Amino acid sequence: MSKITVQDFLRKKEDRKKITMLTAYAYPFARIVDEAGIDGILVGDSLGMVVQGLENTLPVTMDEMIYHTKMVSRAVNNAIVIGDMPFMSYQAGIEDAVRNAGRFLKEAGASAVKLEGGAEVVAQIKAMTRSDIPVMAHIGLTPQSIHRMGGYKVQGKTEEAAKRLLQEAHMVEEAGAFSLLLEAIPMKLAKRITRELSIPTIGIGAGPFCDGQVLVLHDVIGMFERFVPKFVKRYANLKEEALKAIKNYREEVEKGVFPAEEQSFK
Ligand code: KIV
């Protein structure tokens, strides 16, 4: 299998084939996600919550994102690696945005970046695209706007809000984004956006009509317990498995069962 590119994302939409994405943040799980044949790995700033134990994604830094993206890139043979631009790495200005986005490609081995926002980041998307940095846009529930939104709430529920999101979807496409992530919006709205855009939509909590789906890996494998959004489907409970194994180890050490002769040198 050859490396997935942004052109493959576009081709999959044209061919009506679903695009699969998951997040990953370090070498071991990135290898597994890649081996499973997932098209795209997002090194999401969600790592702030599921890896660093933070309350929200706002404190995550560019240097931390670069560190994690490097580990993921090293693990991956086929999936496209997309680096997520953290809070304040692109909001303050276009120069900042291009320089920070460029770091994902230049230092961390990513092939594209993702940023949150609609109308307010059109200039950044244009400038990055002009610099040959493929951009995935992200509208709907944008976790970096948690203080403005007053929590992690479904967006685009009123007619006016839905109209605004539809307009913003067109704006980011015209600005040059190669795909659009739709988070926590009604499925009817996601269906309309998906139908009207020529770039692929990737949904998380946006229903089944998007061109592809993404979830946070730790939600999928049962490694994040603090809260489970309605849109998550848990496919495994690795926390339970790990807990069982570690308790087993502790008991065997305490009882003198481990190490046995086969784990010892003569
Ligand atoms: O940071 C992240 O993991 C995201 C999710 C929406 C996939 O942006």
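Residues numbered from 1 in each chain as written. Predicted model: local features only at pLDDT ≥ 70, side-chain atom pairs only at ≥ 80, totals over all residues. Heavy atoms only, no water.

Caption draft 1: Looking closely at the overall build of the protein chain. On a plain count of helices and strands, the protein chain comes out with 11 helices and eight strands. The C-alpha atoms of the protein chain give a radius of gyration of 20 Å, which matches the 18 Å a tight globule of 266 residues would have. Reported as C-alpha extents along the three principal axes, the dimensions of the protein chain are approximately 70 × 40 × 40 Å. Counting contacts in the protein chain only where the partners sit at least 6 residues apart, residues at least 24 apart contribute 58% of the total. Surface exposure of the protein chain reaches about 13900 Å², of which carbon and sulfur atoms provide 55%. For the protein chain, the separation between the mean place of its 35 positive charges and that of its 34 negative charges on side chains is 4 Å. (Helix = DSSP H or I, 4+ residues; strand = E, 2+ residues; numbered from the N terminus. Rg over C-alpha atoms; globule rule 2.2 N^0.38 Å. Contact = heavy atoms within 4.5 Å. Areas by Shrake-Rupley, 256 points an atom, 1.4 Å probe, with all protein chains shown as cover. Lys, Arg positive; Asp, Glu negative; His and termini not counted. Charge placed at Lys NZ, Arg CZ, Asp CG, Glu CD.)

Caption draft 2: Local environment of the packing of helix α5 (residues 94-106) against helix α6 (residues 122-130). α6 packs onto α5 with a crossing angle of 45 degrees between their chain directions and a minimal axis gap of 9 Å. When the interaxial angle is binned, α5 and α6 end up oblique. Between α5 and α6 the crossing geometry is right-handed. Within the contact between the two elements, α5 uses Ile94, Ala97, Val98 and Ala101 and α6 uses Ala123, Gln124, Ala127 and Met128. (Axes fitted to C-alpha atoms, helices over the stretch in contact; angles between N-to-C directions. Parallel < 35°, antiparallel > 145°, perpendicular 65-115°, else oblique. Left-handed = near helix turned anticlockwise from the far one by under 90°.)

Caption draft 3: Summary view of the packing of helix α8 (residues 159-175) against helix α9 (residues 187-196). Look at α8 against α9: their axes get within 10 Å of each other, and the N-to-C directions meet at 25 degrees. If you check the angle between α8 and α9, you find them roughly parallel. Crossing of α8 against α9: the hand is right-handed. Judged by residue contacts, Ala162, Leu165, Leu166, Ala169 and His170 of α8 engage Leu189, Arg192, Ile193 and Glu196 from α9. Within the contact of α8 with α9, the residues separate by chemical class into six nonpolar, one polar and two charged. (Nonpolar A, V, L, I, M, F, W, Y, C, P; charged D, E, K, R; others polar.)

Caption draft 4: Local environment of the packing of aromatic side chains. Considering all chains together, one arrives at four aromatic pairs under this definition. Summarising the aromatic geometry, the rings of Phe224 and Phe227 are spaced 5.7 Å apart at their centres and angled 85 degrees between planes, so their arrangement reads as edge-to-face. Using a relative accessible area of 8% as the deciding quantity, one classes Phe224 as buried. The exposure class of Phe227 is partly exposed, given its relative accessible area of 36%. (Phe/Tyr/Trp six-rings, centres within 6.5 Å; stacked < 30°, edge-to-face > 60°. Buried < 20%, exposed > 50% of the residue type's maximum accessible area, 1.4 Å probe, protein only.)

Caption draft 5: Quick peek at the site of the ligand. Every residue lining the ligand is accounted for by Thr23, Leu42, Gly44, Asp45, Ser46, Asp84, Lys114, His138, Glu183, Ile204 and Val216. A distance of 2.5 Å separates an oxygen atom of the ligand from a polar atom in the side chain of Ser46. Contact between the ligand and Lys114: an oxygen atom at 3.1 Å from a side-chain N or O atom of the residue. Calculation on the ligand without its partners gives an accessible area of 260 Å², and the protein chains cover 95% of this total. Residue classes in the shell around the ligand are distributed as three nonpolar, four polar and four charged. (Near = heavy atom within 4 Å. Polar contact = N/O pair within 3.5 Å; in protein donor to acceptor, adjacent residues only side chain to side chain.)

Caption draft 6: Structural context of the domain arrangement of the protein chain. The domain boundaries assigned to the protein chain delineate domain 1 (6-235) and domain 2 (237-266). For domain 1 versus domain 2, the distance between C-alpha centres works out to 39 Å. (Domains from an automatic or database assignment.)

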